[in-house]
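# An overview of the molecular structure
Chain by chain, the residues:
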Amino acid sequence: MDVFALFASRVASALKVLYPEVGADLLARIVVEPPRDAAHGDLSTNAAMVVAKPLGKNPREVATALVEHFKHDADVTLVEVAGPGFINFRLADAIWHQVLRSIAAQGADYGRSNLGGGEAVNIEYVSANPTGPMHVGHTRGAVFGDTLASLMAYSGYEVTREYYINDAGSQIDTLARSTMLRYREALGETIEIPSGFYPGDYLVPVGQALKAEYGDKLLAMPEPEATAIVKDRVLAAMLELIKSDLALLNIHHDVFFSERQLHGQGGDIDLTLEWLRSKDMVYQGHLERPKGGDTDGDYEDREQTLFRATNFGDDVDRALIKSDGSYTYFAADIAYHRNKFLRGFKHMINVLGADHSGYVKRLQAAVKAVSLNAADMDVRICQLVRLMKNGEPFKMSKRSGDLVTLADVVEEVGADATRFMLMFRRNDASMDFDFALVKEQTRDNPVFYVQYAHARTFSIFRNAGKELPALDFSAEALKVAEIERIVTSAELDLIRVLAAWPRTVTAAAIAHEPHRIAFYVHDLAAAFHGFWAKGKDDVQLRFVNVEDPKLTLARLALVNAVRQVIVNGLTILGVSAPDELS
RNA sequence: GCGCCCGUAGCUCAAUUGGAUAGAGCACCUGACUACGGAUCAGGAGGUUUGAGGUUCGAAUCCUCACGGGCGCGCCA
């Protein structure tokens, strides 16, 4: 049950009765939301202000008519016009009791919606080059993408989590050559790693595995043949490395899409270019010298094959074929996104790092072109994460191959804290990640704070079992608890927070902003801790009342609802909800 | 030079996507432990939302221009 959605439909039908001429487009702009200031009421709507102008009426006049209408609604105890034409509602306790019952009935599904209507959405995230282990820079996008995927799935979308493997570029040749050196090293040679090669020692085991499998036979082979073998082996090894890094954060993709499979004669890129040509989206032309960017001085004015990206909102048209005749990275990417579209995805989301912000427009142009505007592409940019320790920037070693890795971070602070902290911030602003803070078990640390709230619900049940050993508080018993006994404003306020969960999820899913889930869960934890502490001042507010088992049961139902919603939120975030903290 | 993102309390961040008096935590000050684990809570103080215009019933949010910070710019990937 979503109280806000319920009243949104009541407001809409009231308007239809009062002003039949109001159209659907206008109704769609009406929102029913909690007022910023709780003193204004439980619900607030802008309906009168939205509708007044097109009707040629005064907002307060419309508001007054609506207020009259809602005076007959049994669920409303107070309704009034405020400010320029807001309508504020105060709801009857019975509504909040219904919310509590619906949480008990729906359990893990409380908050789940059919917003997406089962439509397929492709979410591509991480897509780090398969040339080594994941470093900390990849971590934010990985967590963001994975959480967004869970959020969308929870909101009724058919989600595919996808990873694009950039295994076709020249960096892979370099990777293969670097691995070849490690292979020679495994055979006993003394090696020196030239600059430009990958120096990381994660390639050592790959070289050893090649020795174990081939002995020294690779040295005797013609180079192209040996390179092909090494490339296959090292790519597979790097992919396993990345998968195991991601697994540390419980991140698992459904599809690993190889760029290599797009290349080759008659491959997707060939077919895509052919298709683009048939739609007149490709031409031969010249590109302007990049302003201020031609640092190498290797710009050469020549005629080349260009994609009409400007027709789809990009700043300039983009090259598809390099001077050596091979395809550009972007050409492959167009083919890749056409592939996504042909697989049935009309909604695509790409999660990229800040260093790819310049790529957004052309990516969106590509999707518009290959789908003839039938598909949409949202690109979410995750800004940089600055590692901190005790308020000081965490200095990373400049020695290459010695970056802070994802695995380092998880080992240091754990998967839960890593995930939660990275989601406790909008994605489009840079953030500080303080190692020391995340390990503290205090109020300062939001991960701990939320998990403690969850653990506290369990301690309350444990205590209830001790104080009222005869009381049955199984799930079945809680479902038939006398919820009506819950009447104090402190308790009802807590239910009000619980009632906001469904609309929080929906709004977050529409905006593609999973961080809102983290903030909501934190708010709920605060409300719960606050209520808990009231029991210290006022014994009557304690959850367990030995003299009144029925009231106790009703309050345990409230505690259980809080527990359930925290779990629902943490599940989307991919953070565990422990029963007790050590 | 151009594009994208950001600029909110001393610090780290929110703000229901255009809503009412801009809110939390930290730090600072004051209070609450014979305890449903106080690993918490209640309260105080702290703001010209970088600046200047504009749009409208209404702006931190949208538009324009400055200023400051970050990331980019190509036939790289």
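Residues numbered from 1 in each chain as written. Chains lettered and ligands numbered in written order. Predicted model: local features only at pLDDT ≥ 70, side-chain atom pairs only at ≥ 80, totals over all residues. Heavy atoms only, no water.

## A look at the overall build of chain A
- When helices and strands are counted, chain A shows 22 helices and 15 strands.
- In terms of overall dimensions, chain A has C-alpha extents of about 85 × 65 × 40 Å along its principal axes.
- Sorting the 582 residues of chain A into buried and exposed places 50% on the buried side.
- Restricting to contacts in chain A with at least 6 residues of sequence separation, those with at least 24 account for 72%.
- Carbon and sulfur atoms provide 51% of the accessible area of chain A, an area that totals close to 27100 Å².
- Between the mean site of the 62 positive side-chain charges and the mean site of the 78 negative ones, chain A shows a separation of 3 Å. (Helix = DSSP H or I, 4+ residues; strand = E, 2+ residues; numbered from the N terminus. Buried < 20%, exposed > 50% of the residue type's maximum accessible area, 1.4 Å probe, protein only. Contact = heavy atoms within 4.5 Å. Areas by Shrake-Rupley, 256 points an atom, 1.4 Å probe, with all protein chains shown as cover. Lys, Arg positive; Asp, Glu negative; His and termini not counted. Charge placed at Lys NZ, Arg CZ, Asp CG, Glu CD.)

## As for the domain arrangement of chain A
- For chain A, the assigned domains are domain 1 (3-91), domain 2 (170-247) and domain 3 (442-573).
- Just the C-alpha atoms count here: the centres of domain 1 and domain 2 sit 67 Å apart. (Domains from an automatic or database assignment.)

## What about the pairing of strand S6 (residues 158-165)?
- The buried fraction of S6 amounts to 7 of the 8 residues, a majority that puts the element mostly inside the structure.
- In this sheet, S6 lies alongside strand S5 (residues 120-124) in parallel orientation, the contact comprising 5 bridges. Residue pairing across strands places Ile123 opposite Arg161, the latter belonging to S6.
- As a crossover connection, the stretch from S5 through helix H6 (residues 136-154) into S6 is right-handed.
- Bridge count between S6 and strand S7 (residues 255-258): 4 bridges; the pairing is parallel. Within S7, the position partnered with Glu162 by the bridge is Val255. (Pairing = 2+ DSSP bridges. Right-handed = clockwise from strand over helix to strand, strands pointing away.)

## Topic: the environment of Gly145
- By the element assignment, Gly145 lies in helix H6.
- Separated by 352 residues in the primary sequence, Gly145 and Val497 place their C-alpha atoms 27 Å from one another.
- The residues touching Gly145, leaving out its near neighbours within four places in the chain, are Ile123, Tyr125 and Val351.

## Notes on the environment of Ala12
- Residue position: Ala12 is located in helix H1 (residues 3-18).
- Distance in space between the C-alpha atoms of Ala12 and Trp501 is 22 Å, their sequence separation being 489 residues.

## Quick word on the protein's contact with RNA strand B
- Within the structure, RNA strand B sits among 78 residues, and Arg36, Arg456, Glu513, Arg516 and Trp532 are positioned closest to it.
- One of the side-chain nitrogen or oxygen atoms of Asn88 is found 2.6 Å away from a base nitrogen of RNA strand B.
- Among the elements that line the surface near RNA strand B, the one with the most residues is helix H21 (residues 515-537), at 9 residues.
- A class-by-class count of the residues in the surface near RNA strand B yields 24 nonpolar, 25 polar and 29 charged. (Near = heavy atom within 4 Å. Polar contact = N/O pair within 3.5 Å; in protein donor to acceptor, adjacent residues only side chain to side chain. Nonpolar A, V, L, I, M, F, W, Y, C, P; charged D, E, K, R; others polar.)

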